[in-house]
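# Coordinate inspection notes
Here are the chains, one letter per residue:
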Amino acid sequence: MRKNVFLIFALLLFCLTSCAGKGKVKVYDSSTEDISSYHTEESLTAVMIKRDTETNDITFLNYITGEQLVLGYHGGVSVTDTYGNNLIISEVPVGSVVDIVYYSDTNRLVSISSSSSVQVVKDVNKFSADVLNGKATYKGTSCKMSEYALAFEDGVAKSIMEVNTEDQVTLYLMNGTLISCVIDIGHGYVRLVNQDTYVGGMVEIGYDVIVPVSQDMLLAVREGTYTLRINHNGYSNSKEVKVVKGEETEVNIGDIAIPSGTITFSVTPAEAEIYVDGILYPAHTFTGLYGSYGLKIKAEGYKSFNGSFKISEPVKTYTFELVADDTTEETTEDTEDTEDTTDDTDTDNSDNSSENISSTSESGQTTELYTGATENTITIKTPVGAGVYVDGNYVGYAPVTFQKVVGTHTIVLYQTGSLIKSYTIQATDDGKDDEYSFDDLTTLTDLINIDN
């Protein structure tokens, strides 16, 4: 009897040691019946890029070759984290890097576990991907980026160029190379309307969006509720804004538009000339928006006044008396020595200057010159007919070409009846013109058909 037991044990041990990888194993089909058969076992470290709950198929990406592998998932599959703790499959995020074991002859999963060989970097802000040069930038450092790297949002794979600098992401790196990016907090879009009185000023909203105000603006902003702050020429105001991921939020600035006021200058001598921001006003009255303005008063035989004043109420009068000067040398007078002048005026011994450098074209139109501007261009070729916004400012319909400025830029594509989409591009001073062709926008009709 003992010899029989020993022989059975020896046979079992031989079977277990000789059948690893390819042997007689139990698998479970859809009818839950036990089936014994031989299978070839394969292993792979890959990115989970899709999980189909209807077909029970999971798609994996070989980040080295770019090949995709679709494997069947069933109740007998072992699912664990990096410490060997059991998980349910929904706890393994799409976009994460996993170690899998599967049967290559049947394309069925045996086990799946979070890979311990991958570097995971969480809570990353201001991420940007330079697809043209195969690099990614995050947390003040840069790394190589796989040509097969993808981004994932809400379980859906997308181009890594669709990650906005406003998004908060988790990165997966293998041997220092980025292979996957998961968007944890996404972005929506804010369109300003009736912002005319603030054009030329600045608007601040969201995580760190601070940009000049223009006539036509569409900004990519991190999802959430924020206080939008807008200012121009010393006047500021604010309002609450809720940004929804993937949606456009229209913000009406009309209800906080800058009011206007009229200033009357009572000047001695009466023939003195009044200049506001360099423009002569012979009537000695000026109507403008609330804010600060440069002021110059001059008359022959008198010392000139150079300073500034502020409009902060509908109607106001400023009184000035110039000091006689036989030399007619231009000087700056302190407003405290000027009769009946209020605290809303200031003297300034220095030239007025702006933080932005600008030039004036032959047509008289002022064009802002940005630091980092190059002699090259960027062209957005497709989708044809889509409105193109660069860092929030409208530049025209695709195909459209604009000046290449070194740095990270957000390209927002807008078309009536379609979902808005944005991409992040990197511009370098390499002496080359850059061209980008993006996919057609998803129309609302397409969405209805998908839902049905």
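## Focus on the pairing of strand S18 (residues 217-222)
Counting buried positions along S18 gives six out of six residues, so the element sits mostly inside the fold. On S18, burial covers both faces: Met-217, Leu-219 and Val-221 on one face and Leu-218, Ala-220 and Arg-222 on the other are all buried. Across six bridges, strand S15 (residues 187-193) lies against S18 in antiparallel orientation. Pairing of Leu-192 across the sheet is with Met-217, part of S18.

## What about the environment of Thr-317?
In this structure, Thr-317 sits in strand S28 (residues 315-321). Residues Thr-317 and Thr-262, spaced 55 residues apart in sequence, show a C-alpha to C-alpha distance of 8.5 Å. If near-sequence neighbours (up to four positions away) are discounted, Thr-317 is found in contact with Thr-264 and Ser-266.

## Quick look at the sheet that holds strand S35 (residues 400-405)
Across a sheet, strands are paired by hydrogen bonds formed along the backbone, either parallel or antiparallel in direction. Overall, mixed pairing links the three strands, which are arranged S35-S32-S38 in an open sheet. Strand pairing shows two members of the sheet lacking a second neighbour, S35 and strand S38 (434-437), which therefore form its edges. Each strand of the sheet is rotated relative to its neighbour by a mean of 25°, with strand direction disregarded. Here strand S32 (residues 373-382) pairs with S35 via five bridges, running antiparallel. Residue pairing for S35: Ala-373 is matched across the bridge by Val-405.

## Re the packing of aromatic side chains
Under the defined criterion, the tally for this structure stands at 15 aromatic pairs. With a centroid separation of 6.4 Å and 40° between ring planes, the pair formed by Phe-265 and Phe-320 is classed as tilted. Taken together, the residues span a long stretch of sequence, with Phe-265 in strand S22 (residues 260-268) and Phe-320 in strand S28 at a distance of 55 residues. Overall, the relative accessible area of 4% leaves Phe-265 in the buried class. Ring plane angle 80° and centroid distance 5.9 Å describe the contact between Tyr-394 and Tyr-397, whose orientation is recorded as edge-to-face. For Tyr-394, a relative accessible area of 32% translates into the label partly exposed. On the accessibility criterion, Tyr-397 (56% relative accessible area) is exposed. Of the aromatic side chains, those joined through ring pairs into one cluster are Phe-265, Tyr-281, Phe-286, Tyr-293, Phe-305, Phe-309, Tyr-318 and Phe-320. Of note, Arg-191 hangs over the ring of Tyr-414, and the distance from its end group to the ring centre comes to 4.6 Å. The ring of Tyr-207 is capped by Arg-222, whose NZ or CZ atom sits 4.1 Å from the centre of that ring.

## A few points about the nonpolar core
The biggest cluster of nonpolar side chains holds 39 residues, and the ones touching the most others in it are Val-203, Ile-205, Leu-228, Phe-265, Ile-297 and Phe-309. Leave out the neighbours within four places in its chain, and Leu-228 touches Leu-192, Val-203, Glu-204, Ile-205, Asn-237, Ser-238, Lys-239, Val-241, Val-251 and Ile-253.

## A short note on the environment of Val-169
When you line up the elements, Val-169 lands in strand S13 (residues 168-174). Overall, Val-169 belongs to the buried group, its relative accessible area being 0%. Along the primary structure Val-169 and Asp-123 are separated by 46 residues, whereas in three dimensions their C-alpha atoms are 5.9 Å apart. Every residue in contact with Val-169, bar those within four places of it in the chain, is listed here: Val-121, Lys-122, Asp-123, Val-124, Phe-127, Val-163, Cys-181, Val-182, Ile-183 and Asp-184.

## Section: the sheet that holds S28
Taken in spatial order, the three strands of this open sheet run S25-S22-S28, and their pairing is mixed. Where the open sheet ends on each side, the last strands, each with one partner, are strand S25 (285-289) and S28. Across the sheet, the axes of successive neighbouring strands diverge by a mean angle of 25°, strand direction being ignored. In the sheet, S22 pairs with S28 via seven bridges, with the strands oriented parallel. Bridge assignment links Thr-264 to a residue of S28, and that residue is Thr-317.

## A word on the pattern of salt bridges
Any two side chains of opposite charge can pair, given that their charged atoms come close. Taken as a whole, this structure holds twelve salt bridges when the rule is applied. Residue Glu-313 pairs with Lys-316 through a salt bridge whose shortest N-O separation is 3.6 Å. Taking the relative accessible area as the measure of exposure, Lys-316 reaches 15% and is therefore buried. Between Lys-404 and Asp-434 there is a salt bridge, with the nearest N and O atoms lying 3.2 Å from each other. With Lys-404 in strand S35 and Asp-434 in strand S38, the pair connects residues that are 30 residues apart, well separated along the chain. No difference in accessibility class separates Lys-404 from Asp-434, as the two residues are buried. Linked through salt bridges whose partners overlap, the residues forming this network are Glu-153, Asp-154, Lys-158 and Lys-245.

## Points about the confidence of the model for the protein chain
Detailed reading of the predicted model is not advised wherever pLDDT is low. When the pLDDT values of the protein chain are averaged, the result is 84; 80% of them are 70 or greater. Predicted confidence is poor over residues 331-343, with pLDDT under 50, and the contacts of this stretch with residues over four places away or in other chains come to 34 contacts.

## Examining unusual backbone geometry
The residue after Thr-382, namely Pro-383, is reached through a cis peptide bond having omega 5°. As for its placement among the helices and strands, Pro-383 is situated in the loop between S32 and strand S33 (387-390). Between Ala-398 and the following residue, Pro-399, the backbone shows a cis peptide bond with an omega angle of 0°. Tracing the chain through its elements places Pro-399 in the loop between strand S34 (393-397) and S35. In this model, Lys-139 sits at a positive phi of 45°, which is unusual for a non-glycine residue. The topology assignment puts Lys-139 in the loop between strand S10 (135-138) and strand S11 (141-153). Even without glycine at this site, Asn-233 takes up a positive phi of about 55°. Within the secondary structure, Asn-233 sits in the loop between strand S19 (224-232) and strand S20 (235-243). Using a relative accessible area of 31% as the deciding quantity, one classes Asn-233 as partly exposed.

Rules and cut-offs
Residues numbered from 1 in each chain as written. Predicted model: local features only at pLDDT ≥ 70, side-chain atom pairs only at ≥ 80, totals over all residues. Heavy atoms only, no water. Buried < 20%, exposed > 50% of the residue type's maximum accessible area, 1.4 Å probe, protein only. Helix = DSSP H or I, 4+ residues; strand = E, 2+ residues; numbered from the N terminus. Pairing = 2+ DSSP bridges. Contact = heavy atoms within 4.5 Å. Axes fitted to C-alpha atoms, helices over the stretch in contact; angles between N-to-C directions. Phe/Tyr/Trp six-rings, centres within 6.5 Å; stacked < 30°, edge-to-face > 60°. Lys NZ or Arg CZ within 6 Å of the ring centre and 35° of its normal. Core = buried A, V, L, I, M, F, W, Y, C linked by side-chain atoms within 4.5 Å. Salt bridge = Lys/Arg side-chain N within 4 Å of Asp/Glu carboxyl O. pLDDT = per-residue confidence, 0-100.

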